[in-house]
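# Residue-level structural notes
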Amino acid sequence: MNSKENNSSKNLEDSIEKLSKNLYLESPDLWIEFSGKVNDNIFDEMVLFFAIKYNYKSIVEHAISNNLIDLNAPSRNNDYPNIKEHLIFIAKQNKALDILNYLENPSSCNDINEDTVEKKIDNSISNLNANKKINIFLSIFVAIANTMFLNLDIEFLNL
């Protein structure tokens, strides 16, 4: 093993250890599941979710570069068509710029323009928030409209 591989391996071990400590503090149950998966060399969507949440790029790189996960497989989160889209959303949400760039374009992971990426993230989050507000407004509108029609029906029956 050359020194670059040795440093990479050490960095991966350090990242896994630090992430493990974070998960233990967050939830011992998650920590148990995470530890079991990592010990069995299973780097699935859950492991990568937390690696991104806590910004451990080396874990994500390890899983993807060693083909330990199929990013095109369906996500366990039904809001996303595949694992890659889910992980990209998590990277945007947590502003993990290095990981986001790596997920979107692994071949150019060293050429990061952080200002551009941060603007894209902010725009994506703003669009998501705007869509949520529109959905809430429409739900309220429909509820009010249903109530109004229900009141009209009741008044009509009382005549």
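Here the focus is the overall build of the protein chain. Along its length, the protein chain carries seven helices and zero strands. Ordered by position from the N terminus, the helices and strands of the protein chain form the series α-α-α-α-α-α-α. Across the 159 residues that make up the protein chain, the buried fraction comes to 31%. Across the protein chain, every contact between residues at least 6 apart in sequence was considered, and the portion connecting residues at least 24 apart equals 50%. Total accessible area computed for the protein chain in this model is approximately 10,800 Å², and 52% of it derives from carbon and sulfur atoms.

Further remarks concern the nonpolar core. Core analysis: the largest hydrophobic core is formed by 32 residues, its most contacted members being L19, F34, I52, I59, V60 and L103. Looking at this core, the elements with two or more residues in it are α1 (3-26), α2 (28-39), α3 (45-53), α4 (57-65), α5 (83-93) and α6 (97-104). The leading source of residues in this core is α3, at six residues.

Under the counting rule described, the total for this entry stands at six salt bridges. Across the pair K10 and D14 runs a salt bridge whose closest N-O atoms are separated by 3.2 Å. Pair noted here: K10 and D14 are both in helix α1, with a separation of four residues, about one helical turn. Classification of D14 as partly exposed rests on a relative accessible area of 28%. For E26, the salt bridge is made with K53, and the minimal N-O distance between the two is 3.3 Å. You can see E26 sitting in helix α1 and its partner K53 sitting in helix α3, a full 27 residues away along the chain. You can call E26 partly exposed: its relative accessible area is 36%. Taking the relative accessible area as the measure of exposure, K53 reaches 32% and is therefore partly exposed. In the salt-bridge network here, residues are joined through shared partners; they are E33, K37 and D44.

Right, let's talk about unusual backbone geometry for a bit. A positive phi is found at N41, a non-glycine position, where the angle reads about 60°. Of note, the phi angle at N67 is positive, near 50°, even though the residue is not glycine. Inspection of the secondary structure assignment puts N67 in the loop between α4 and α5.

A word on the packing of α5 against α6. One way to put it is that α5 packs onto α6 with a least axis distance of 8 Å and a crossing angle of 155°. It follows that α5 is roughly antiparallel to α6 by the angle criterion. For the pair α5 and α6, the crossing hand works out as left-handed. Contact residues: K84, L87, I88, A91 and K92 in α5; I99, L100, L103 and E104 in α6. The class makeup of the residues in the contact of α5 with α6 is six nonpolar, no polar and three charged.

Let us now look at the environment of F50. Looking at the secondary structure, you find F50 in helix α3. Taking relative accessible area as the criterion, F50 reaches 6% and is therefore assigned buried. Between the C-alpha atom of F50 and that of F34, which follows or precedes it by 16 residues, the distance is 9.2 Å. Not counting residues within four places of it along the chain, the set of residues in contact with F50 comprises L19, L23, E26 and L30.

Calculation rules
Residues numbered from 1 in each chain as written. Predicted model: local features only at pLDDT ≥ 70, side-chain atom pairs only at ≥ 80, totals over all residues. Heavy atoms only, no water. Helix = DSSP H or I, 4+ residues; strand = E, 2+ residues; numbered from the N terminus. Buried < 20%, exposed > 50% of the residue type's maximum accessible area, 1.4 Å probe, protein only. Contact = heavy atoms within 4.5 Å. Areas by Shrake-Rupley, 256 points an atom, 1.4 Å probe, with all protein chains shown as cover. Core = buried A, V, L, I, M, F, W, Y, C linked by side-chain atoms within 4.5 Å. Salt bridge = Lys/Arg side-chain N within 4 Å of Asp/Glu carboxyl O. Axes fitted to C-alpha atoms, helices over the stretch in contact; angles between N-to-C directions. Parallel < 35°, antiparallel > 145°, perpendicular 65-115°, else oblique. Left-handed = near helix turned anticlockwise from the far one by under 90°. Nonpolar A, V, L, I, M, F, W, Y, C, P; charged D, E, K, R; others polar.

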